There are 2 protein chains.
Amino acid sequence: MHSLQVSLPPPPAHHYTIHVNYGALNLLPHTLHTLTPAPSQIAILADQTLANIAEQRLPALLPSSPLLIKLPSGEPTKSLHHLPHILSTLAAARLDRHAIILALGGGVIGDLAGFIAGIYLRGIRYIQLPTTLLAMVDSSVGGKTGVNLPEGKNLVGVFHQPTAVLADLDLLETLPPRERHAGFAEIIKYGIIADAALFQSIASGSPSDLAPIIARSIEIKAQIVAEDERETTGRRALLNFGHTAGHAIEAITGYHTYLHGEAIALGIRVATRLSRLTLGLSEEDERRILNALAAHHLPLHDSMLNLQALMDRLPNDKKAQGGRVRWILTRAIGQAEIVETINSNDLKEALEILHQPPSLK
Amino acid sequence: MHSLQVSLPPPPAHHYTIHVNYGALNLLPHTLHTLTPAPSQIAILADQTLANIAEQRLPALLPSSPLLIKLPSGEPTKSLHHLPHILSTLAAARLDRHAIILALGGGVIGDLAGFIAGIYLRGIRYIQLPTTLLAMVDSSVGGKTGVNLPEGKNLVGVFHQPTAVLADLDLLETLPPRERHAGFAEIIKYGIIADAALFQSIASGSPSDLAPIIARSIEIKAQIVAEDERETTGRRALLNFGHTAGHAIEAITGYHTYLHGEAIALGIRVATRLSRLTLGLSEEDERRILNALAAHHLPLHDSMLNLQALMDRLPNDKKAQGGRVRWILTRAIGQAEIVETINSNDLKEALEILHQPPSLK
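Predicted model, so just to flag it, every value in this text is computed and none were measured.

## Section: helix α9 (residues 243-252) of chain A
Residues and elements named next belong to chain A. The buried count for α9 comes to 8 of 10 residues, which makes it a mostly enclosed element. H243, T244, A245, G246, A248, I249, E250 and A251 are the residues of α9 that are buried. Looking at the buried side of α9, the elements it contacts are β8 (152-156), α6 (177-194), α10 (260-279), α12 (307-313) and β10 (327-332). The first or second residue beyond α9 is G254, which carries a positive phi of 70°.

Next comes the structure, spelled out in structure tokens:
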């Protein structure tokens, strides 16, 4: 037998910069100018509702005329369906490996554009220009790119980190209030899992200056991702506080009843009650969490929810990856941990409260 | 402005084993047994002409019943077309991130299966079970996975290294002679660029024991890839000796006149003459190279070739990535280098010889 051991050295470390502020888009010329190698061509993948920015504001900031690909809004765009058209458009324009993609939109566009950048010519660079609060604090950071399959969300993709993220808070001005509130579910999550002061700063509603809030949220996510980019140590799982039940609620309601952040708010209520039952989270902290969610007009109960369907949809020992259920729970606001064993009566209670509105202070 | 510097540590180094021999498939149980974590499920992506191996021999070697996906033979399979079906089949079978894919077939199946493994759940493991000489010595090693677009070959993919490669030479018994000869074009290439002794060992035809020849070819490729996995230093480009013109010949003949290795043989003739004109390769070495190609029944000329179309298809300063043409040339059999400046008269001469059969010894 001829046997060869092949050893590939690790790929280089990846560094990038995130800028958060009102008017951050104006940093685009400088950001592009400092890239090595210089971008050979620029393609914009944009939500079609942002056509005015993609067709006018962005090109004015660019050193050369970009290739613009507009895509429909909404979750169905995040599928394999658009891939052939987008990839062929890039190839027909002869984008080479030194080209760069600008992703202008919310999480759907960011995840799809990042995936396209990850597979076109086996990977080119991309810059995230998130336009929703949720995309700014969540999907634009962390390098998880991909699309949905009919069988489930985010089942296809690559880890492909952005070259830069510019979160321009001016773009949030036109965001519908419901989407803005939904974004706060994730910010509240960051406070619960990692920063009691961040939590307190938004506990009673939205501050007038969002910049430090968003920047701190991104910082928490970026730090956790840096510790466990590819979900190998379990550390990245902490970001899933509220998401175990939240994802199941999205699935059983067909993804059209709730915005992601709204489903996460319901999931946070479940995880919070489980945290009381399992880790001894105080009743006071539970009350503070529910009040914070309510202050941002997020749903806390749904009397129509099919609890049996929800229970069936939760990962169980047989279905979960690696054979274990992992709940992310909190012992006190500002810290989180992974819990692998949950009492089934506790889980039942934590789900059943979703049928009842909480008694807020 | 709130600016964050994000630093991601490098991903871990990747190690894997390549086994080359008659009966190497029998190492599959041991190979799977030693993986950590143990594979949760096994899926086989197979060329449908290998159904007997995929349905009987392989399952008998596996610890659990595999999911089998059969795909049509031929280059059209290596496209985005089959992706939704394959990915949905994996998802419907609930393959998790500890599952593993076995790629059974030639380069088309290996490249496609590696790409599927690279994007399903953002990357799962896969083992290459190459069944053609060309796939054994070329595409199964190196981690370049992907598919073609209508606009060009290999324009979409990821770098995703296999977990193991088992090259079972028994599988070559049924290979049509033409495909076997085509595989030798790449082996001759390895000899020219890196190993004069390897070249000499196959210069007069195919030896009876292919194992050391194939193992040495793979070793050369693996070593060059380890030095430049993602084509950032230029070192990996050395593997493209004969491919600059070869790819152009494939393109202008619509990919159906020549097998890849046959087009590469013609490309090697061009690169060899350019090497004489540019680097002073000896007439004797040129003659040895042409004789070796002829000894393996590979084409050395094509009087019907449209030389103007060929010239137009070659990368030029405007079209080539990074703005430079890179020819891989040889100063003497056993060594190669990158040459960035080619005299246009030399190039014309090197292409025009394709219309004439060489005068062999």
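Here the narrative resumes, following the displayed structure.
## Some thoughts on the sheet that holds strand β6 (residues 125-130) of chain A
Consider a sheet: its strands pair through backbone hydrogen bonds, and that pairing is either parallel or antiparallel. Reading across the sheet, the 7 strands line up as β4(A)-β3(A)-β5(A)-β6(A)-β9(A)-β2(A)-β1(B) and stay open at both edges, with mixed pairing between neighbours. A single partner strand is all that each edge strand has here, and the edge strands are β4 (67-71) of chain A together with β1 (2-8) of chain B. Across the sheet, the mean angle separating the axes of adjacent strands is 15° when strand polarity is ignored. Examined bridge by bridge, strand β3 (residues 42-47) of chain A and strand β5 (residues 100-105) of chain A share 5 bridges and lie parallel to one another. Within the sheet, the bridge partner assigned to I42 of chain A lies in β5 of chain A and is I100 of chain A. Of the strands in this sheet, β3, β4, β5 and β6 of chain A touch helix α4 (residues 107-119) of chain A, which is tilted by about 165° from β5 of chain A.

## Focus: the sheet that holds strand β5 (residues 100-105) of chain B
Taken in spatial order, the 7 strands of this open sheet run β1(A)-β2(B)-β9(B)-β6(B)-β5(B)-β3(B)-β4(B), and their pairing is mixed. The open sheet has two free edges, formed respectively by β1 (2-8) of chain A together with β4 (67-71) of chain B, since each of these has just one partner strand. Shown here is a sheet whose adjacent strand axes are inclined to one another by a mean of 15°, direction ignored. Here strand β3 (residues 42-47) of chain B runs beside β4 of chain B; their pairing, made up of 5 bridges, is parallel. The residue of β4 of chain B that forms the bridge with A46 of chain B is K70 of chain B. Each of β3, β4 and β5 of chain B is contacted by helix α3 (residues 83-92) of chain B, which is oriented at about 170° to β4 of chain B, the strand it contacts most.

## Quick notes on the packing of aromatic side chains
A ring pair, where both rings are aromatic, is described by two values, the distance of the centres and the angle of the planes. Applying the stated criterion to the full structure yields 0 aromatic pairs over all chains. A cation sits over an aromatic face here: R122 of chain A above F159 of chain B, 5.9 Å from the ring centre. The residue whose ring lies beneath K189 of chain B is Y190 of chain B, and the NZ or CZ to ring-centre distance is 4.6 Å.

## Some points on the packing of helix α6 (residues 177-194) of chain B against helix α8 (residues 211-227) of chain B
Residues and elements named next belong to chain B. The geometry of α6 relative to α8 is characterised by a closest axis approach of 10 Å and an angle of 55° between their N-to-C directions. Compared by their axis directions, α6 and α8 come out oblique. In the crossing of α6 with α8, the sense of the turn from one axis to the other is left-handed. Here I187, Y190, I193 and A194 of α6 lie close against α8, whose contacting residues are I213, R216, S217, I220, K221 and I224. Here the residues of the contact of α6 with α8 sort into 7 nonpolar, 1 polar and 2 charged.

## Overview of the packing of helix α3 (residues 83-92) of chain A against α4 of chain A
Residues and elements named next belong to chain A. With their axes 11 Å apart at the nearest point, α3 and α4 run at an angle of 55° to one another. As the angle between them shows, α3 and α4 are arranged oblique. Between α3 and α4 the crossing geometry is right-handed. Facing L83, I86, L87 and L90 of α3, the residues of α4 in contact are L112, F115, I116 and I119.

## Some details on the relation of the copies chain A and chain B
When chain A is fitted onto chain B, the two copies agree to an RMSD of 0.0 Å after a turn of 180° and an axial shift of 0.0 Å. Taken together, the rotation and translation describe the operation of a two-fold axis. Residue by residue, 100% of the interface of chain A is reproduced at the interface of chain B, so both copies engage with the same surface.

## Digging into the nonpolar core
Counting 75 residues, the largest nonpolar core has I18, I214 and W327 of chain A as its most contacted members. Considering every element that reaches this core, the biggest residue donor is helix α8 (residues 211-227) of chain A, with 10 residues. Discounting residues that sit within four places of it in the chain, I214 of chain A has contacts with V20, L133, M136, V137, L169 and L172 of chain A. Residues V225, Y258, L314 and I333 of chain B belong to the second largest nonpolar core, which totals 74 residues.

Each value, and the rule that gives it
- Residues numbered from 1 in each chain as written.
- Chains lettered and ligands numbered in written order.
- Predicted model: local features only at pLDDT ≥ 70, side-chain atom pairs only at ≥ 80, totals over all residues.
- Heavy atoms only, no water.
- Buried < 20%, exposed > 50% of the residue type's maximum accessible area, 1.4 Å probe, protein only.
- Helix = DSSP H or I, 4+ residues; strand = E, 2+ residues; numbered from the N terminus.
- Contact = heavy atoms within 4.5 Å.
- Pairing = 2+ DSSP bridges.
- Axes fitted to C-alpha atoms, helices over the stretch in contact; angles between N-to-C directions.
- Phe/Tyr/Trp six-rings, centres within 6.5 Å; stacked < 30°, edge-to-face > 60°.
- Lys NZ or Arg CZ within 6 Å of the ring centre and 35° of its normal.
- Parallel < 35°, antiparallel > 145°, perpendicular 65-115°, else oblique.
- Left-handed = near helix turned anticlockwise from the far one by under 90°.
- Nonpolar A, V, L, I, M, F, W, Y, C, P; charged D, E, K, R; others polar.
- Least-squares fit on C-alpha atoms with pLDDT ≥ 70 in both.
- Core = buried A, V, L, I, M, F, W, Y, C linked by side-chain atoms within 4.5 Å.

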